[in-house]
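Given next are the chains, with one letter for each unit.
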Amino acid sequence: MEACKSCYRDVVPVLALAGLRWGDLAGLQVGDRVSVPGPGLRLRRTVLAGGGGGALYVGTLKTNRGRTVPLVVDLVPIVDRWSL
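Scoring rules and cut-offs
- All residue numbers here refer to positions counted from 1 along the written sequence of the relevant chain.
- Side-chain atom pairs in this predicted model are given and counted only at pLDDT of 80 or more, local residue features only at pLDDT of at least 70, and totals for whole chains, interfaces and linings cover all residues.
- The side-chain quantities take in all heavy atoms of the structure and omit both hydrogens and water.
- Paired strands, as defined in this entry, are two strands with at least two bridges between them according to DSSP.
- In this description a helix means any DSSP run of H or I spanning at least four residues, a strand means any run of E spanning at least two, and both kinds are numbered starting from the N terminus.
- Here is the rule: rings of Phe, Tyr and Trp (six-membered ring for Trp) pair when centre to centre is within 6.5 Å. Planes less than 30 degrees apart are stacked, more than 60 are edge-to-face, and the remainder are tilted.
- For each residue, the accessible area found with a 1.4 Å probe, counting protein chains only, is set against the maximum for its type, and the residue is called buried under 20%, exposed over 50%, and partly exposed in between.
- In this description, a nonpolar core means a group of buried Ala, Val, Leu, Ile, Met, Phe, Trp, Tyr and Cys residues linked to one another through side-chain atoms lying within 4.5 Å.
- In this description, contact between two residues means that some pair of their heavy atoms is separated by no more than 4.5 Å.

Caption draft 1: The arrangement of the pairing of strand S3 (residues 46-49) in detail. Note that S3 and strand S4 (residues 56-59) share four bridges and pair antiparallel. In the sheet register, Leu-48 faces S4, and the bridge partner there is Tyr-57. Turn length for the S3-S4 hairpin, with the two strands adjacent in sequence and antiparallel, is six residues, and the turn residue Gly-52 shows positive phi of about 80 degrees.

Caption draft 2: Layout of the sheet that holds strand S1 (residues 33-34). In spatial order, the strands read S1-S2-S5; together these three strands make up an open sheet with antiparallel pairing. Only two strands of the sheet have a single partner each, and these edge strands are S1 and strand S5 (67-70).

Caption draft 3: Fine view of the packing of aromatic side chains. If you walk through the whole model with that rule in mind, you get one aromatic pair. When the centroid spacing of 6.0 Å and the interplanar angle of 90 degrees are considered together, the rings of Tyr-8 and Trp-22 count as edge-to-face. Of this pair, Tyr-8 sits in the segment before helix H1 (11-18) while Trp-22 sits in helix H2 (residues 22-26); the two residues are 14 residues apart in sequence, bridging distant segments of the chain. Note on Tyr-8: relative accessible area 42%, which makes it partly exposed. Overall, Trp-22 belongs to the exposed group, its relative accessible area being 55%.

Caption draft 4: The nonpolar core, seen in detail. Counting residues in each nonpolar core, the largest one holds 15 residues, and the members touching the most others are Val-14, Leu-20, Leu-25, Leu-41, Leu-43, Leu-71 and Leu-75. Broken down by secondary-structure element, the contributors of at least two residues to this core are H1, strand S2 (40-43) and helix H3 (76-82). Counting residues per element, this core draws most heavily on H1, at four residues. For Leu-41, the residues in contact, after removing those within four places along its chain, are Leu-20, Leu-28, Asp-32, Arg-33, Val-34, Arg-67, Thr-68, Val-69, Leu-71 and Val-79.

Caption draft 5: Main features of unusual backbone geometry. Positive phi, normally seen in glycine, also occurs at Asn-64, with a value near 65 degrees. Tracing the backbone through its elements, the reader meets Asn-64 in the loop between S4 and S5. On the basis of relative accessibility, which here comes to 59%, the residue Asn-64 falls in the exposed class.

Put into structure tokens, the structure is as follows:
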């Protein structure tokens, strides 16, 4: 994380510590930040690349079911900043 000084500096720890895939992160919306019973993210959609031209589209998760992932305390301020 310390070697990443670009715009991805906050993305790397969220992917690593929350166990998200790139598409999961790209599919997040402000309303996906939950706090029941503790801080977390409700994953409901993913962003995928289409065949051929690489066009992006919103699709369902791999299991076709949403899931909630907990956020460790260090990630809460990062995710909360994104929703401002």
